[in-house]
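Letter by letter, the chains look like this.
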Amino acid sequence: MIVEVNKLSYFVPNKEILRQISFSLKAGGFYIVVGSNGSGKTTLLKCLSGSLNTETKCIKINNEYINTYSPKRLAKQISIVPQNTEILFDFSALQIVMMGRMPYQRLLQTDSALDYDIVRNSMLRTNTWHLRNRSIKQLSGGELQRTIIARALAQQTPIMLLDEPISNLDIRHQFEIMELLKRINQENQTTIFIILHDLNLALKYADEVLVIDNGELIHKGKAIDILTKENIENIFGVNANIIDNSFIHLNKK
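First, a word on scope: everything that follows refers to the structure included in this document. (Residues numbered from 1 in each chain as written. Predicted model: local features only at pLDDT ≥ 70, side-chain atom pairs only at ≥ 80, totals over all residues. Heavy atoms only, no water.)

## Brief notes about the overall build of the chain
The helix and strand inventory of the chain stands at nine helices and twelve strands. For the chain, the spread of C-alpha atoms along the three principal axes comes to 55 × 40 × 35 Å. Sorting the 253 residues of the chain into buried and exposed places 49% on the buried side. Sequence separation of 24 or more characterises 64% of the internal contacts of the chain that already satisfy a separation of 6 or more. In the form shown here, the chain has an accessible surface area of approximately 12,900 Å², with 48% of it arising from carbon and sulfur atoms. (Helix = DSSP H or I, 4+ residues; strand = E, 2+ residues; numbered from the N terminus. Buried < 20%, exposed > 50% of the residue type's maximum accessible area, 1.4 Å probe, protein only. Contact = heavy atoms within 4.5 Å. Areas by Shrake-Rupley, 256 points an atom, 1.4 Å probe, with all protein chains shown as cover.)

## Some words on the sheet that holds strand β1 (residues 3-12)
Judged by pairing direction, the sheet is antiparallel, and its four strands sit side by side in the order β2-β1-β4-β5 without closing on themselves. The strands lining the two open edges of the sheet, one partner per strand, are β2 (15-25) and β5 (64-65). As defined by bridge partners, β1 adjoins β2 across seven bridges and the pair is classed as antiparallel. Residue pairing in the sheet places V3 in a bridge with L25 of β2. (Pairing = 2+ DSSP bridges.)

## Regarding the sheet that holds strand β9 (residues 208-213)
The strand order across the open sheet built from six strands is β6-β7-β8-β3-β9-β10, with neighbouring strands paired in mixed fashion. Of all strands in the sheet, those bounded by a partner on one side alone are β6 (78-81) and β10 (216-221). Put simply, the sheet's adjacent strands are angled 15° from each other on average, direction ignored. Here β9 pairs with β10 via five bridges, running antiparallel. The partner of L210 across the bridge, within β10, is K220. Of the strands in this sheet, β6 and β7 (159-163) are in contact with helix α5 (residues 141-154), which crosses β6 at around 175°. Across the face of the sheet, helix α6 (residues 171-188) comes into contact with β3 (30-34), β7 and β8 (191-195) while running at roughly 140° to β3. (Axes fitted to C-alpha atoms, helices over the stretch in contact; angles between N-to-C directions.)

Here's what the structure looks like:
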């Protein structure tokens with residue numbers, strides 16, 4: 001198992017956000033996390049990324065406790081695509097993707113020919129190479145998201161964590177990003193762990209679905225077994241019809 005989580009809990013003052021969560025992820029799997037707003041999905045992702053401090057023996061990455069990793073070493077294992085990417089400075093798309101090479105560089109080291117080749121290949125695979133000289137502030141939502149995924153790809157990690165990467169995109173670009181992630185997953189055997197709200201996309205793309213509800217992991221398994229009419233109605237409070245095991249039609253109760 002590339003990721004192992006054992007009885008993970010997370011607290012903020014006067015509130016428990018995650019409660020005794022345990023699961024494991026296989027290398028090369030495509031995992032989608034669903035749940036209502038405020039259920040703890042993003043907190044879980046932040047714990048897995050190492051950006052939130054957790055108890056010493058809750059999370060293992062490649063059979064080592066996450067707390068034993070230095071930030072630079074962890075960045076060679078896990079790349080992150082956040083829900084919202086705020087970039088204050090007027091970098092080019094190429095400069096943004098080159099940031100994915102920082103874990104492999106020494107302090108003040110210039111970009112090497114190898115770094116450039118990896119970045120170019122990452123941008124070609126994400127259809128962003130033609131944007132390389134464009135300001136990041138001039139990119140459309142879909143272009144920006146592909147660029148951020150190219151940065152994660154250039155980081156060459158076996159695990160990629162994504163927090164609602166398609167939430168602000170139109171339907172065409174949502175499919176474009178999901179197809180891109182599936183190709184990365186299959187071609188690189190990258191373990192994908194992604195938070196989504198769209199249950200139909202979860203049904204279409206996930207190897208396994210994890211359902212977080214009120215800070216607890218209540219279901220984990222194949223999408224077709226987890227995203228049932230009964231489970232959807234209980235978790236999300238809406239009526240659901242499953243059509244040919246491939247499409248979920250939702251209605252307000």
